[in-house]
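Working through the structure, step by step
Here are the chains, one letter per residue:
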Amino acid sequence: MDAPISSRMHAARSRIPFAGIAAAALLCAGAAKAENPIVPYVIAEPSSVATELDLPAALQAFQDTPIYARTTGYIQKWLADIGERVKAGQTLAVIDGPDLDQELNQARANLGQARANLEIARISADRWKDLGAQHAVAQQDVDQKAADFAARDADVRAAQANVDRLTQLKDYQNVTAPYDGVVTARNAQVGALINAGSGAEIYHVAQTDVLRIYANVPQRYVRSISPGLPVEILIPEFPNETFHGKVVRFAGALDSASRTLLTEVQIRNSDGRLLPGMFGQVRFKLKGVEPAIILPSNAAIIRAEGTLVATIDPGNRIRLVPVKLGRDFGTEIEILGGIVRGARVVSNPRDSLTDGLLVEPVAPPAAKRE
């Protein structure tokens, strides 16, 4: 039998206050939740690729030598032009030096005169020595003739040295290449006056079958640099090609200003495709280096106290953490210290975020798919 109508109405009235309280509590919780800023985040993960270090690179010739005149005269002819490959000892230009020719002739004549004087002094010294043995002359006169002979002998050696010097200068009238290479500059013009020691460069020769690259490696990667380490060279003019070289040596100390290690890389260039002066990148594939954390560039907060990132702790509160920046890849940056793998980092943080602020984190789309 159904309960009386009055009893049912009383029960209904008794349930209304409890339902209202529950609904109010839900509304308050929703309102409080709505007040928390919604922030997207990314997971701090190390780079998934092998640790690579890209540094700017400028190609340099293995040897790069300016050629100057060692003797004075006029350019009679030149035999090599820019871009030509030359061999060691090959004549590049010929200098005509009439003044030097006359100096050499005079030196040779002086040498002949000195030899004649030496012969006379020798004969006199021998005669006076014999007379001295017979006690026909004083010993002092014998010694004087011997000293004259020694002096004339010194004159001959001096004259011979002068002839040799001028003969060597005569040989310098043929300007030659110091090694196998390519002519990169020619300033020799027929009829031009060349003064020895004036500083006027006649030719410039470069050895390009092997090229050098000098890179400044940051301190963090110094322990991974060793002779023989393979290196990739990237040149913009060859976008689909990678050139290969290796580390041959490095400085034994870091630069005190930049805290970098000067490292020399060499690359074979027997086909001559690469030219000294080209600019590109040198890529070191390092071993034994812990991969750095990679974050979007817009995750960094630049303030007066330094560079910060906004992380989200397990209680969904913002923690502003100072970090140490590494390389800048454009859309991404390298973090060398300050956060650990797996940390939730706010992407594109607003200026209103403060330390300890309670937020509503939103996972990135990639994390949701996982």
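Right, let's walk through the structure included here. (Residues numbered from 1 in each chain as written. Predicted model: local features only at pLDDT ≥ 70, side-chain atom pairs only at ≥ 80, totals over all residues. Heavy atoms only, no water.)

Quick notes on the overall build of the chain
What counts here: Working definition: helices are DSSP H or I runs of at least four residues, strands are E runs of at least two. Numbering for both runs from the N terminus. Partly exposed residues are those whose accessible area sits between 20% and 50% of the maximum for their type, while under 20% is buried and over 50% is exposed, using a 1.4 Å probe and protein chains only. We call two residues contacting when some pair of their heavy atoms lies within 4.5 Å. For the accessible areas, the method is Shrake-Rupley and the probe is 1.4 Å, while residue cover comes only from the protein chains on display.
When helices and strands are tallied, the chain shows 4 helices and 22 strands. Looking at the 370 residues of the chain, the share that counts as buried comes to 32%. Sequence-distant contacts, at least 24 apart, represent 74% of the contacts inside the chain between residues at least 6 apart. For the chain, the exposed surface amounts to about 22300 Å²; the carbon and sulfur share of it is 54%.

Here we look at unusual backbone geometry
Look at His 135: it is not a glycine, yet its phi comes out positive at around 60°. Note on placement: His 135 falls in the loop between helix 2 (98–133) and helix 3 (139–171). With a phi close to 50°, Asn 348 is a non-glycine residue in the positive phi region. Mapped onto the elements, Asn 348 comes out in the loop between strand 21 (344–346) and strand 22 (360–362).

Here we look at the sheet that holds strand 20 (residues 332–337)
Test applied: Think of it this way: DSSP has to see at least two bridges between two strands before they count as a pair.
Taken in spatial order, the 4 strands make up an open sheet running 2-15-20-19, and their pairing is antiparallel. Because the sheet does not close on itself, it has two edges, and the strands there are strand 2 (45–46) and strand 19 (324–328). For strand 15 (residues 293–296) and strand 20, the ladder comprises 4 bridges, and the chain directions are antiparallel. Note that in strand 20 the partner of Leu 295 across the bridge is Ile 333.

Some details on the sheet that holds strand 4 (residues 73–78)
Taking strand neighbours across the sheet as the criterion, the 4 strands line up as 7-6-4-9 in an open arrangement whose pairing is antiparallel. Both edges of this open sheet fall to strand 7 (174–176) and strand 9 (193–194), since each of them pairs with a single strand only. Here 2 bridges tie strand 4 to strand 9, and the two strands are oriented antiparallel to one another. Bridge assignment links Tyr 74 to a residue of strand 9, and that residue is Leu 193.

Considering the environment of Asp 101
Of note, Asp 101 is situated in helix 2. Taking the C-alpha atoms as reference points, Asp 101 and Thr 167, separated by 66 residues in sequence, lie 9.1 Å from one another. Beyond its immediate stretch of four places on either side in the chain, Asp 101 contacts Lys 170 and Gln 173.

A word on the packing of aromatic side chains
The following threshold applies: Each Phe, Tyr or Trp ring (for Trp, its six-membered ring) is paired with any other whose centre lies within 6.5 Å, and the angle between the two planes then decides the class: stacked below 30 degrees, edge-to-face above 60, tilted in between. By definition here, charges over rings are those cases where NZ of Lys or CZ of Arg is within 6 Å of the ring centre and within 35 degrees of the ring normal.
In this structure the tally under the stated criterion is 1 aromatic pair. Aromatic side chains Phe 238 and Phe 243 sit 5.3 Å apart centroid to centroid with 85° between the ring planes, which places their arrangement in the edge-to-face category. In this pair, the class of Phe 238 matches that of Phe 243, namely buried. We note Arg 212 situated over the ring of Phe 62; from NZ or CZ to the ring centre the distance is 4.0 Å. The residue whose ring lies beneath Arg 344 is Tyr 41, and the NZ or CZ to ring-centre distance is 5.5 Å.

Bear in mind that shape data such as this cannot, by itself, settle questions of function.
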